[in-house]
Amino acid sequence: MSEQGGAAAQLDPALLAIIVCPQCHGRLAPVADELACQGECGLVYPVRDGIPVLLVDEARKPG
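The paragraphs below set out a description of the structure included in this document. (Residues numbered from 1 in each chain as written. Predicted model: local features only at pLDDT ≥ 70, side-chain atom pairs only at ≥ 80, totals over all residues. Heavy atoms only, no water.)

1. Some details on the overall build of the chain
Thinking step 1. When you go through the chain residue by residue, the secondary structure sums to one helix and four strands.
Thinking step 2. Along the chain direction, N to C, the helices and strands of the chain fall in the order α-β-β-β-β.
Thinking step 3. Its C-alpha atoms give the chain principal-axis dimensions of roughly 25 × 25 × 20 Å.
Thinking step 4. The buried share among the 63 residues of the chain stands at 35%.
Thinking step 5. In the chain, once contacts between residues fewer than 6 apart in sequence are set aside, the share between residues at least 24 apart is 29%.
Thinking step 6. When the accessible surface of the chain is split by element, carbon and sulfur atoms take 51% of a total near 4,000 Å². (Helix = DSSP H or I, 4+ residues; strand = E, 2+ residues; numbered from the N terminus. Buried < 20%, exposed > 50% of the residue type's maximum accessible area, 1.4 Å probe, protein only. Contact = heavy atoms within 4.5 Å. Areas by Shrake-Rupley, 256 points an atom, 1.4 Å probe, with all protein chains shown as cover.)

Structure follows, in structure tokens:
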């Protein structure tokens, strides 16, 4: 599910349960220091200082 020690892995599970991708409204999964959309768009959002940056302009395409 997530890598040990990543900033995204340390996010509150209750927060992860309610936030969604702002682009396609897909579920977000923690991966190291990022949140990866599990929906249609597949965008990856950064987590900076323990805060998810859920701005489409800040996201990157996977790969």
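2. What about the pairing of strand β3 (residues 44-48)?
Thinking step 1. By the criterion of burial, β3 is predominantly enclosed, with four of the five residues buried.
Thinking step 2. Hairpin connection between β3 and strand β4 (residues 51-52): a loop of two residues separates the two successive antiparallel strands, and D49 in this loop has a positive phi of roughly 55°. (Pairing = 2+ DSSP bridges.)

3. Some words on the nonpolar core
Thinking step 1. If you look at the biggest cluster of nonpolar residues, it comprises 12 residues: A8, L11, L16, I19, C21, L28, L35, C37, L43, Y45, V47 and A59.
Thinking step 2. Other than its neighbours up to four places away in sequence, I19 contacts L28, L35, P52 and L54. (Core = buried A, V, L, I, M, F, W, Y, C linked by side-chain atoms within 4.5 Å.)

4. Some points on the sheet that holds strand β2 (residues 34-37)
Thinking step 1. Taken in spatial order, the four strands line up as β1-β2-β3-β4 in an open sheet, and their pairing is antiparallel. With partners counted over all chains shown, the strands left at the sheet margins are β1 (28-31) and β4, one partner each.
Thinking step 2. Note that β1 and β2 share four bridges and pair antiparallel. Of the residues in β2, the one forming a bridge with L28 is C37.

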